[in-house]
Amino acid sequence: MKNIRFNSPIGTILVSCNDQETLLTNITVLKTPQEPLHSEVPILNLAQEQILEYFAKTRTALDLPLDQIGTDFQKQVWKAVQSIPYGQTRSYGEVAAMAGRPGAARGVGTAMRENRFLLAVPCHRVIGANGKLGNYSGGQGVRTKIALLNLEKEETDQKTLG
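Right, let's walk through the structure included here. (Residues numbered from 1 in each chain as written. Predicted model: local features only at pLDDT ≥ 70, side-chain atom pairs only at ≥ 80, totals over all residues. Heavy atoms only, no water.)

Some remarks on the overall build of the protein
Applied cut-off: The helix and strand labels rest on DSSP assignments: H or I over at least four residues marks a helix, E over at least two residues marks a strand, and numbering proceeds from the N terminus. Radius of gyration here is computed from C-alpha atoms only, and the compact-globule reference equals 2.2 Å multiplied by the residue count raised to the power 0.38. Relative accessibility thresholds used throughout: buried, under 20% of the residue-type maximum; exposed, over 50%; partly exposed, between the two (1.4 Å probe, protein chains only). Residues count as neighbours in contact if any of their non-hydrogen atoms are within 4.5 Å of one another. His is not counted here, nor are the chain ends, while Lys and Arg score as positive and Asp and Glu score as negative. Positions of charges follow a simple convention, taking NZ of Lys, CZ of Arg, CG of Asp or CD of Glu.
What the protein contains, in helices and strands, is five helices and five strands. When the helices and strands of the protein are listed from N to C terminus, the series reads β-β-β-α-α-β-α-α-β-α. The C-alpha radius of gyration computed for the protein amounts to 15 Å, which stays within 12% of the reference 15 Å derived for 162 residues, consistent with globular compactness. Counting all 162 residues of the protein, 46% fall into the buried class. The long-range fraction of contacts in the protein, counting pairs at least 24 apart against all pairs at least 6 apart in sequence, stands at 58%. Averaging the locations of the 18 positively and 15 negatively charged side chains of the protein gives two centres separated by 9 Å.

Overview of the packing of aromatic side chains
The following threshold applies: Here is the rule: rings of Phe, Tyr and Trp (six-membered ring for Trp) pair when centre to centre is within 6.5 Å. Planes less than 30 degrees apart are stacked, more than 60 are edge-to-face, and the remainder are tilted. Whether a charge sits over a ring comes down to the Lys NZ or Arg CZ being within 6 Å of the ring centre and within 35 degrees of the ring normal.
Tallying each qualifying case throughout the model produces two aromatic pairs. Where Tyr54 meets Phe55, the ring centres are 5.2 Å apart and the plane angle is 80 degrees; that geometry is what we call edge-to-face. A relative accessible area of 11% places Phe55 in the buried class. Judged by its relative accessible area of 2%, Tyr54 is buried. Members of the aromatic cluster, connected to one another through ring pairs, are Tyr54, Phe55 and Tyr86. The cationic tip of Arg101 hangs over the ring face of Phe73; the distance from NZ or CZ to the ring centre is 4.6 Å.

Details of helix α1 (residues 42-55)
Operational definition: By this rule, a helix spans an expected 1.5 Å times one less than how many residues it contains.
An ideal rise of 1.5 Å per residue puts 20 Å on 14 residues; α1 measures up with 20 Å between its terminal C-alpha atoms. Taken as a whole, α1 has its buried residues at Ile43, Leu44, Ala47, Gln48, Gln50, Ile51, Tyr54 and Phe55. Of the residues flanking the end of α1, it is Lys57, one or two places downstream, whose phi is positive at about 65 degrees.

Things to note about the sheet that holds strand β3 (residues 24-29)
Put simply, the rule reads: Should DSSP find at least two bridges between two strands, the strands are taken to pair. A fitted line through C-alpha atoms serves as each axis, taken over the contacting stretch for helices, and the angle formed by two N-to-C directions is quoted from 0 to 180°.
Taken together, three strands build an open sheet; the order of strands is β1-β2-β3 and the sheet is antiparallel. Each edge of the sheet is formed by a strand with only one pairing partner; in this case those strands are β1 (2-8) and β3. Strand-to-strand twist of the sheet, defined as the mean angle between neighbouring strand axes without regard to direction, takes the value 15 degrees. Relative to strand β2 (residues 11-17), β1 runs antiparallel, the two sharing seven bridges. Across the sheet, residue Asn3 finds its bridge partner in β2, namely Ser16. Together, β1, β2 and β3 form the strand contacts of α1, whose direction differs from that of β1 by roughly 20 degrees.

Some details on unusual backbone geometry
With phi around 60 degrees, Glu21 is a residue other than glycine that occupies positive phi space. Relative to the elements of secondary structure, Glu21 occurs in the loop between β2 and β3. At Lys57, a position not held by glycine, the phi torsion is positive, near 65 degrees. Along the polypeptide, Lys57 turns up in the loop between α1 and α2 (72-82). Residue class for Lys57 comes out partly exposed when judged on its relative accessible area of 24%.

Points about the pairing of β2
Counting buried residues in β2 gives six out of seven residues, a clear majority hidden from the surface. Hairpin connection, β1 to β2: the antiparallel pair is bridged by two residues. Taken together, the five bridges between β2 and β3 define a ladder with antiparallel strand orientation. Note that in β3 the partner of Ser16 across the bridge is Asn26. The loop that links β2 with its antiparallel partner β3 comprises six residues; one of these, Glu21, has a positive phi angle of about 60 degrees.

Have a look at this one:
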């Protein structure tokens, strides 16, 4: 497995790819800051570029080849989450319905805990039906989720005002 590490507004991001250098296997925020680790692997550099564009507010979605290993239901949930527009949120129940499994909100939460692709599968956009944030496994927990939601909200608010 090959890796790249770089700094972002939410901490040090680690991106990994398979040995064939064709699919990403992980995008996460590390719990403690680490020194950047550069790479000559094109797919890792593409991932870094797209993630930094997201934080620069010039990109609203990542378009990267992901090695998504999971059950059929998990893959349906991840695909549904990827369709949530930038700056918007959906409830766990809404995502369950989008994935073709109305009433499976708890299963959505379980599937999202298994998501290995911060930002590429934007689980931070999924909240409780009551508006509460719920849990977030994307690196540093709810703090990361709040930062990402605020980044997207700030950008969509500016577009609305402009």
